[in-house]
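Secondary and tertiary structure notes
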Amino acid sequence: MRMRNVVLSLAELAAAIGALIALGFVAVAVEAMPKADVGSCAAYAGLPSGNHDTAGMTFIQAGTFAMGSERHQPEERFTHVARVDGFWIDRHEVTNVQFKQFVDATGYTTLAERGLDPKENPGLPKELLAPGSMVFAQPSNIRGSESSQWWQYISGVSWRQPAGPRSSIAGKENHPVVHIAYEDALAYARWRGRSLPTEAQWEFAARGGRDGEDDWSSAFDVDGKPIANTWQGIFPVLNTQDDGYAGTASVGCFKPNGYGLYDMIGNVWELTSDWYRGGHSRETVANPTGPELVSLHVATGQSASRVIKGGSHLCASNFCSRYRPAARQPQEINLSAAHVGFRTVLNKPLMKSP
Ligand SMILES: [Ca+2]
Ligand SMILES: [Ca+2]
């Protein structure tokens, strides 16, 4: 299996379930254990002041940039010129308290709470059809590189119970909401009158006004000090928490980028509206929205994926290391996980035309 820091696919999970049972695999789900709330997160209220359409957002001026990277992972190639019109984007990842506001207002039930329809997911074992989600469980040691040793599909896990049936979001109100499938993120965004960012919008915003190859934007400063919530130590067995957090952190704990956006790098991966296909074309594009679904030729019984960006608290230098604006990974639309969240955009000019 290719080494990556995204959850197993449903097909891989189905194959792994029997092996895990045979191994008597036991691991402990990671709870966020902050050493200290530092920086602006200590004072962040969890909800933006006001309820206007751009509350909590920053306007990103239109621009042209070099999207992708030639120097890192194959799926980031080719670097090409992309242009995006101006847009508004959330300064923070959507938090638990913000998502709760949506659920309280609408009665919405997430995919992790509903489970999968067996008719639409033929061949999946009943364990993966039941309501639940993927939880990272830190092993004390591993054999080989099979990620089923640290990812478990746990029944009863959802955004309300992010670490297991007996957990809750109490004390995590300002953490990014997780265990959110693409359709859940889209439902929230639409309720707010917004949408999800395209990959180009997200990547442009994550660059914070800088362009070119993105070594400058990793999760560490020039002295090697963490400047984002990632994983320090040896993934998946040793998390030294040099950044202060074992799991998710409250949003806004780390210095914002040049656009004033927090946690674009690290904390949780963020869903975008683009369908995932490895690599980019070399062509110059304006306001790209990704490939058409029909062009992906998704096999019957398989699930297409959306692009996720920015890396997470599980990205380590020895594994994943995708804590850069150009980095990208697929996330299946019918599977949620403990390290994937989102933020919203509003495609509206800064000033209305006279
Ligand atoms: Ca961390
Ligand atoms: Ca993030």
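Residues numbered from 1 in each chain as written. Chains lettered and ligands numbered in written order. Predicted model: local features only at pLDDT ≥ 70, side-chain atom pairs only at ≥ 80, totals over all residues.

1. Focus: helix α2 (residues 96–106)
Our working rule: Partly exposed residues are those whose C-beta has more than 12 but fewer than 20 other C-beta atoms within 10 Å; with 20 or more the residue is buried, with 12 or fewer it is exposed, and the C-beta atoms are placed from the backbone. Strands here are runs of E lasting at least two residues and helices are runs of H or I lasting at least four, both read from the DSSP assignment and numbered beginning at the N terminus. To be clear, the arc concerns the directions from the helix axis to the C-beta atoms. Once C-beta atoms are placed from the backbone, any two residues with those atoms within 7 Å are in contact.
Asn96, Gln98 and Phe99 are the residues of α2 that are buried. The buried side chains of α2 occupy one side of the element, clustering within an arc of 165 degrees when seen end-on. Seen from the open side of α2, the exposed residues pointing more than 90 degrees away from its buried face are Asp104 and Ala105. On the buried face of α2, the contacting elements are α5 (182–191). Backbone geometry just after α2 places Gly107 at a positive phi near 75 degrees.

2. A short note on the sheet that holds strand β13 (residues 328–332)
Selection rule: Strands were regarded as paired on the criterion that DSSP finds at least two bridges between them. Only the stretch in contact is used when a helix axis is fitted, and all axes are lines through C-alpha atoms; the angle between N-to-C directions ranges over 0 to 180 degrees.
Taken in spatial order, the 4 strands make up an open sheet running β13-β12-β10-β14, and their pairing is mixed. Since the sheet does not close on itself, it has two edges, and those belong to β13 and β14 (340–341), each with one partner. Bridging between strand β10 (residues 269–275) and strand β12 (residues 305–309) involves 3 bridges; their strand directions are antiparallel. Residue pairing across strands places Trp275 opposite Arg306, the latter belonging to β12. Sheet strands in contact with helix α6 (residues 199–206) are β10, β12 and β13, and its direction is about 5 degrees off that of β12.

3. As for the sheet that holds strand β11 (residues 285–286)
By definition, the strands of a sheet pair up through backbone hydrogen bonds, in either a parallel or an antiparallel sense. Pairing is mixed in the open sheet, where 3 strands are placed in the order β3-β4-β11. This sheet does not close on itself; its edge strands, each paired only once, are β3 (63–67) and β11. Where strand β4 (residues 80–84) meets β11, 2 bridges bridge the pair, whose relative direction is parallel. Counterpart to Ala82 in the pairing with β11 is Val285.

4. Focus on unusual backbone geometry
A cis geometry characterises the amide bond from Arg77 onward to Phe78, with omega recorded as 10 degrees. Assignment of secondary structure puts Phe78 in the loop between β3 and β4. Phi at His179 takes a positive value of approximately 60 degrees, unusual for a residue other than glycine. A tally of 28 C-beta atoms within 10 Å means that His179 is categorised as buried. One non-glycine residue, Gln241, adopts positive backbone phi at about 55 degrees.

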